[in-house]
Amino acid sequence: MYKLYGVSSFGSAITELMLTLVEEPYKFIDVDGFDTAGPMRDRLLEINPLAQVPTLVLENGEVLTESAAIALWILDRHPQYAPPIGTPERQQFYRLLIWIVANVYPTFTYGDYGERWVEEEATVLTENLYRYRESLWLWFETQLGAGPYIFGERLTLLDLYLPAMTRWRPRQAWFDQHTPKLAAVANQVRALPQLNKVLGRNGML
Ligand SMILES: N[C@@H](CCC(=O)N[C@@H](CS)C(=O)NCC(=O)O)C(=O)O
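Computed from a predicted structure; not experimentally measured.

### Overview of the site of the ligand
As a matter of local geometry, the ligand sits amid 14 residues, with G11, V53, E66, S67 and R116 nearest to it. At 2.8 Å, a backbone N or O of V53 approaches a nitrogen atom of the ligand. Note that an oxygen atom of the ligand is positioned 2.9 Å from one of the side-chain N or O atoms of R116. If the ligand stood free it would expose 510 Å²; the protein chains cover 92% of that surface. Put simply, the ligand lies in the largest pocket. For the shell around the ligand, the leading source of residues is helix α4 (residues 88-111), giving three residues. By residue class, the composition of the shell around the ligand is eight nonpolar, four polar and two charged. Formed jointly, the shell around the ligand draws a minimum of three residues from each of two domains, domain 1 (2-79) and domain 2 (83-192).

In C-alpha cells form, the structure reads like this:
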C-alpha cells in the first residue's frame, strides 16, 4: 500500500483527496511538527530533501513528491479525471495545474516561513507575499467559466486543490468575496460524498 506522509490541513490533504477520489488505498503517516527541527523533520528528510508534504512512497519503495507530479502519475491510471488529450481544455489543465504549484505554492514556502529567508524583515516579506498571492488568485478567477467545476461538468484532479487552498490564507471569506467562482468550485468539491471523510479529517468541509 502507498504511504502518504502528511499533516492534517496541510498540502498532503490534496493528495489524500486525489487518492480517495480514484479509490487508491494509502496509509497516512502523520508527521505533525515536520516543519521545525525535531524527529518528524528528520524522518521526512530521510525520504524528501525538501522536507515537504505531500511525500508519497510507492509500493516499490520509490518516493514521489510534488503534488502536480502525483496528480499526473494518478492520471496515468485514471485518465477520466482530466480533459481528453488533444483538446484545448487539456492544455489549459496542464497550464493551470503547473501554474498553481509554480506560482501560488511558493508563496507559502517563503511567506509562511519568512524568518528562514530574511532575518529582520520576515513580517514584511510575509505580508507582501500575501498580497501577491491574492493577485494570483484574482487572475485564476478570470480563467474560470460557469462551473460547476473548473472544466465545466467534468471533475478533474485540479479541482481538488481548491477546497484545501481556500482554507489557507487569504482564507475562505476573502475567496467568497473576491473570487466567487473559485469559491463555488471549492464548495462543489466539498459536497462530494466520497470525499467527505478526508475533508472532515483535514478541517476542509
Ligand atoms: N511544490 C510542492 C509544495 C509542497 C509544500 O510546500 N507543502 C507545504 C505544506 S502545505 C510544506 O511542506 N511546507 C513546509 C516547508 O516548505 O518547509 C507541492 O506541490 O507538493
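### What to know about the sheet that holds strand β1 (residues 2-6)
Adjacent strands of a sheet pair through backbone hydrogen bonds, lying either parallel or antiparallel. On the basis of which strands lie adjacent, the open sheet formed by four strands has the order β2-β1-β3-β4 and mixed pairing. Pairing within the sheet leaves two strands with one partner each, and these edge strands are β2 (26-30) and β4 (63-65). Averaged over all pairs of adjacent strands, the angle between strand axes in this sheet comes to 25°, irrespective of strand direction. The strands that helix α1 (residues 12-21) touches are β1, β2 and β3 (55-57); relative to β1, the one it contacts most, it runs at about 150°. Helix α3 (residues 67-77) contacts β1, β3 and β4 of the sheet and is inclined by roughly 115° relative to β4.

### Regarding the domain arrangement of the protein chain
Along its sequence, the protein chain is organised into domain 1 (2-79) and domain 2 (83-192). Contact residues are listed per partner, giving 17 residues for domain 1 and 16 residues for domain 2. Surface buried jointly by domain 1 and domain 2 totals about 1400 Å² across both partners, of which 71% is contributed by carbon and sulfur atoms. The interface formed by domain 1 and domain 2 holds zero salt bridges in total. Inspection of the region where domain 1 meets domain 2 yields five residue pairs in polar contact (both at pLDDT 80 or more). Residue assignment for the side of domain 1 that touches domain 2 shows that the elements contributing at least two residues are α1 and α3. By residue number, the principal contributor to the side of domain 1 that touches domain 2 is α3, which donates six residues. When its residues are assigned to classes, the side of domain 1 that touches domain 2 shows eleven nonpolar, four polar and two charged.

Procedures and definitions
- Residues numbered from 1 in each chain as written.
- Predicted model: local features only at pLDDT ≥ 70, side-chain atom pairs only at ≥ 80, totals over all residues.
- Heavy atoms only, no water.
- Near = heavy atom within 4 Å.
- Polar contact = N/O pair within 3.5 Å; in protein donor to acceptor, adjacent residues only side chain to side chain.
- Areas by Shrake-Rupley, 256 points an atom, 1.4 Å probe, with all protein chains shown as cover.
- 1 Å grid on protein atoms, 1.4 Å probe; cavity = no way out; pocket = protein on both sides within 12 Å on 5 of 7 lines; lining within 4 Å.
- Sits in = over half its atoms within 2 Å of the grid points.
- Helix = DSSP H or I, 4+ residues; strand = E, 2+ residues; numbered from the N terminus.
- Nonpolar A, V, L, I, M, F, W, Y, C, P; charged D, E, K, R; others polar.
- Domains from an automatic or database assignment.
- Pairing = 2+ DSSP bridges.
- Axes fitted to C-alpha atoms, helices over the stretch in contact; angles between N-to-C directions.
- Contact = heavy atoms within 4.5 Å.
- Buried area = accessible area lost by both parts, 1.4 Å probe.
- Salt bridge = Lys/Arg side-chain N within 4 Å of Asp/Glu carboxyl O.

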